[in-house]
Amino acid sequence: MAATPPHADLVLRSTRVVTPDTTGPAAVAVADGRIAAVLPHDAPPPAGATVVDVGDDMLLPGLVDTHVHVNDPGRTEWEGFWTATQAAAAGGITTLLDMPLNSLPPTTTAANLAVKQDVARPKAHVDTGFWGGAIPGNVKELRPLHEAGVFGFKCFLSPSGVEEFPELDPAGLEAALTEIAAFDGLLIVHAEDPGHLGSAPQPHGPRYADFLASRPRAAENDAIALLIDLARTLDARVHVLHLSSSDALPMIAAAKRDGVRVTVETCPHFLTLTAEEVPDGATEFKCCPPIRERENQDALWAGLADGTIDCVVSDHSPCTADLKVADFGQAWGGISSLQLGLPAVWTEARRRGHRPEDVVRWMAAAPAALAGLDGTKGGIVPGRDADFAVLAPDETFTVDPAELHHRNQVTAYAGKTLSGVVRSAWLRGVQITDHGRTIAKTGRLIERTSA
């Protein structure tokens with residue numbers, strides 16, 4: 001641990017500070033919004049520093065969620081930057097990246113990005129950045145978006161569910177990825193093959209089994225295989241969004257061993273919810289790709305443990321309650337979980353024998369690295385932003401949707417008892433929440449800073 005710095009504004013002490021390597025007693029000194037040093041727990045604080053001792057609660061780096069559908073502007077009744085960023089902060093997330101679709105306009109041109117930034121700027125309670133979108137016909141817009149600071153580009157290989165954000169066919173995918181590779185950008189992909197989806201039984205009615213049959217694992221597997229082959233050919237950077245099918249893990253692991261520049265995420269709902277537990281008509285569990293069987297979940301955890309899966313992010317995709325009709329064929333697909341991801345994952349990770357450092361790697365360090373933010377975010381490391389979450393890891397609570405900051409209190413976690421209560425969140429050394437209550441708004445808009 002470092003020597004006590006000559007100056008600090010704040011010192012946070014805990015018997016369980018989670019650094020990249022270990023969890024143990026320490027004191028974290030903060031100066032001018034950045035981590036100045038990680039000190040022994042009993043180190044004397046610099047003169048004039050405010051000391052906050054959180055006791056046995058865990059001090060984590062603020063989480064980084066790179067997969068959030070804020071839907072603002074245009075579908076703000078579904079969520080919005082004001083509510084989404086408050087929910088994020090209450091859940092220990094201090095940095096989020098907004099997806100380019102479900103807002104009007106979508107983030108598919110630099111002009112549209114500017115509109116979204118103007119809407120978000122006065123509403124952001126946490127640091128907020130943006131993905132661009134790759135859709136048919138906008139290849140010429142990709143470099144201007146990159147130069148305007150988006151963190152990468154999202155595309156769909158099957159219909160997105162909104163007409164203003166169409167999917168790319170194989171030729172369109174190759175054209176977009178060729179352009180993005182030319183400036184070493186990042187393409188993030190909703191990978192489901194439309195041919196498999198079109199030939200599968202179409203979902204209808206309240207039975208979850210029928211919906212699950214409509215999104216077969218083969219749709220993910222073949223789309224990911226196509227993406228890996230193209231990334232290999234073009235030496236391009238690609239990221240697989242919300243991996244649900246564990247069948248794809250061997251090919252992903254092999255591609256990584258071969259040096260293909262592919263990364264992968266999964267989501268709390270795939271790690272903590274199973275197809276076997278979804279009641280008929282409970283479309284709050286509907287998402288695409290879908291929540292699969294228990295044995296599939298076990299394999300996803302194994303993929304996290306061995307590093308095949310890089311990170312865990314929310315894919316928070318909310319809607320108004322009226323769109324969650326009891327017919328799985330008609331209901332909007334998306335799970336609201338922004339405020340609940342940390343306790344949900346911690347509950348299951350601990351049960352399976354994982355350490356706090358693992359959860360921090362999956363939910364803070366790896367998403368920060370994906371976005372190129374690992375120099376400033378994602379770890380309790382000197383020089384990085386003083387972003388923290390304080391977690392009571394042994395305290396439990398039962399999810400009451402009415403107590404969530406999400407604009408629409410619809411969630412698949414309703415009634416579940418989870419371990420891990422987020423006591424507070426801190427952004428650049430300023431406490432922004434207290435027991436879920438917002439007490440300060442210091443979020444900034446952030447941009448990609450690497451060339």
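Refer to the preceding data block for the structure.
This one's a predicted model, so the numbers in the text were calculated from it and none came from an experiment. (Residues numbered from 1 in each chain as written. Predicted model: local features only at pLDDT ≥ 70, side-chain atom pairs only at ≥ 80, totals over all residues. Heavy atoms only, no water.)

Colleague: In this structure, what is going on with the overall build of the protein? I would like to understand it.
Modeller: Counting secondary structure elements, the protein contains 12 helices and 18 strands. Relative to the globule expectation of 22 Å for 451 residues, the C-alpha radius of gyration of the protein, 21 Å, shows essentially globular dimensions. Structurally, the protein occupies a C-alpha span of about 70 × 45 × 40 Å along its principal axes. Burial statistics for the protein: of 451 residues in total, 60% are counted as buried. In the protein, once contacts between residues fewer than 6 apart in sequence are set aside, the share between residues at least 24 apart is 74%. Accessible area for the protein stands at about 15,600 Å²; split by element, carbon and sulfur atoms hold 52% of it. Both charge centroids of the protein, one from 37 positive and one from 57 negative side chains, sit 3 Å from each other. (Helix = DSSP H or I, 4+ residues; strand = E, 2+ residues; numbered from the N terminus. Rg over C-alpha atoms; globule rule 2.2 N^0.38 Å. Buried < 20%, exposed > 50% of the residue type's maximum accessible area, 1.4 Å probe, protein only. Contact = heavy atoms within 4.5 Å. Areas by Shrake-Rupley, 256 points an atom, 1.4 Å probe, with all protein chains shown as cover. Lys, Arg positive; Asp, Glu negative; His and termini not counted. Charge placed at Lys NZ, Arg CZ, Asp CG, Glu CD.)

Colleague: Even after reading the chapter, I still don't get the packing of aromatic side chains, so can you show me in this structure?
Modeller: Aromatic ring pairs: the centre-centre distance and the angle between the two ring planes describe each pair. Within the structure shown, the criterion is met by eight aromatic pairs. A centroid spacing of 5.7 Å and a plane angle of 20 degrees characterise the contact between Phe211 and Phe328, whose relative ring orientation is stacked. Here Phe211, found in helix H6 (residues 208-214), pairs with Phe328, found in the loop between strand S14 (311-312) and helix H11 (341-351); they are 117 residues apart in sequence, far enough to count as distant. The exposure class of Phe328 is buried, given its relative accessible area of 0%. Aromatic rings pair up to connect Tyr208, Phe211 and Phe328 into one cluster. Its end group placed over the ring of Trp78, Arg75 keeps NZ or CZ at 5.5 Å from the ring centre. (Phe/Tyr/Trp six-rings, centres within 6.5 Å; stacked < 30°, edge-to-face > 60°. Lys NZ or Arg CZ within 6 Å of the ring centre and 35° of its normal.)

Colleague: Just checking my understanding: could you explain the pairing of strand S5 (residues 58-61) for this structure?
Modeller: Look at any regular strand and the pattern is simple: side chains alternate between the two faces of the sheet. Residues Met58 and Leu60 line one face of S5 and the alternating positions Leu59 and Pro61 line the opposite face, and both faces are buried. Taken together, the two bridges between strand S1 (residues 10-18) and S5 define a ladder with parallel strand orientation. Across the sheet, residue Val17 finds its bridge partner in S5, namely Leu59. Where S5 meets strand S15 (residues 388-398), four bridges bridge the pair, whose relative direction is antiparallel. Within S15, the residue paired with Leu60 across the bridge is Ala389. (Pairing = 2+ DSSP bridges.)

Colleague: Just to check I follow, could you spell out the pattern of salt bridges for this structure?
Modeller: Working definition: two side chains of opposite charge can pair if their charged atoms are close together. One pass over the full model with this rule turns up 32 salt bridges. Put simply, Glu295 and Arg217 hold a salt bridge, and the shortest N to O gap is 2.6 Å. With Glu295 in helix H10 (residues 294-305) and Arg217 in helix H7 (residues 217-234), this pair connects stretches of sequence that are 78 residues apart. The partly exposed category is assigned to Glu295, whose relative accessible area is 46%. Look at the salt bridges and you will find they share partners, linking Arg34, Asp127, Lys377, Asp385, Asp387 and Arg428 into a network. (Salt bridge = Lys/Arg side-chain N within 4 Å of Asp/Glu carboxyl O.)

Colleague: Which parts of the structure should I look at to understand the sheet that holds strand S13 (residues 262-266)?
Modeller: Paired through backbone hydrogen bonds, the strands of a sheet run either parallel or antiparallel to each other. What the six strands build is an open sheet, ordered S9-S10-S11-S12-S13-S14; its pairing is parallel. Each having just a single partner strand, strand S9 (132-133) and S14 make up the two edges of the open sheet. As defined by bridge partners, S13 adjoins S14 across two bridges and the pair is classed as parallel. Paired with Thr266 across the two strands is Val312, which belongs to S14.

Colleague: Mind showing me how you'd approach the environment of Asp9 here?
Modeller: Residue placement: Asp9 occurs in the segment before S1. In this structure the C-alpha to C-alpha distance between Asp9 and Val30, which are 21 residues apart in sequence, comes to 5.8 Å. Setting aside its immediate chain neighbours within four residues, Asp9 contacts Val30, Ala31, Asp32, Gly33, Ala49 and Thr50. Polar contacts involving the side chain of Asp9 include one to the side chain of His7, which spans 3.3 Å. (Polar contact = N/O pair within 3.5 Å; in protein donor to acceptor, adjacent residues only side chain to side chain.)

Colleague: What is the right way to read the side chain of His239 from this model?
Modeller: Note on placement: His239 falls in strand S12 (residues 237-240). Residue His239 is classed as buried on the basis of its relative accessible area of 0%. In this structure the side chain of His239 is engaged in a polar contact, spanning 2.7 Å, whose partner is the side chain of Thr263. With sequence-adjacent residues up to four places away left out, His239 is seen in contact with Leu186, Leu187, Ile188, Val189, Thr263, Val264, Glu265, Cys311 and Leu370.

Colleague: Please clarify how the sheet that holds strand S8 (residues 127-130) should be interpreted in this entry.
Modeller: With respect to topology, three strands assemble into an open sheet ordered S6-S7-S8, the strand pairing being parallel. Single-partner strands in this sheet number two, and they are strand S6 (63-68) and S8. The mean angle between the axes of side-by-side strands here comes to 20 degrees, regardless of whether they run parallel or antiparallel. Judged from the four bridges that link them, S6 and strand S7 (residues 93-98) form a sheet pairing that is parallel. Each bridged residue has a counterpart across the sheet, and for Val64 the counterpart in S7 is Thr95. Relative to S7, helix H1 (residues 81-90) is tilted by about 140 degrees, and along the sheet it contacts S7 and S8. (Axes fitted to C-alpha atoms, helices over the stretch in contact; angles between N-to-C directions.)

Colleague: Whenever I open this one, the nonpolar core confuses me. Can you help?
Modeller: For soluble globular proteins, nonpolar side chains are generally found buried alongside one another. Among the nonpolar cores identified, the biggest contains 94 residues, and Phe153, Leu187 and Leu243 are the most heavily contacted of them. In terms of residues, this core owes the most to one element, H7, which gives six residues. Leaving out residues up to four positions away in the same chain, Leu243 has contacts with Glu220, Ile224, Ala248, Leu249, Ile252, Val264, Glu265, Thr266, Phe270, Leu300 and Ile309. Leu97, Leu101, Ile135 and Ile446 belong to the second-largest nonpolar core, a separate cluster that totals 21 residues. (Core = buried A, V, L, I, M, F, W, Y, C linked by side-chain atoms within 4.5 Å.)

Colleague: Is there a simple way to think about helix H12 (residues 356-370) in this case?
Modeller: Three or four residues apart is the spacing at which side chains of an α-helix point the same way, because the helix has 3.6 residues per turn. With 15 residues, H12 extends 20 Å from end C-alpha to end C-alpha; this agrees with the ideal 21 Å at 1.5 Å per step. For H12, the principal kink sits at Trp362 and spans about 35 degrees. Buried residues dominate H12, accounting for 12 of its 15 residues. For H12, the complete set of buried residues consists of Pro356, Glu357, Asp358, Val359, Val360, Trp362, Met363, Ala364, Ala366, Pro367, Ala368 and Leu370. Just beyond H12, the residue with positive phi is Gly372, at close to 75 degrees. (Expected span 1.5 Å × (residues − 1). Bend = angle between axes of the 7 residues up to and from the residue.)

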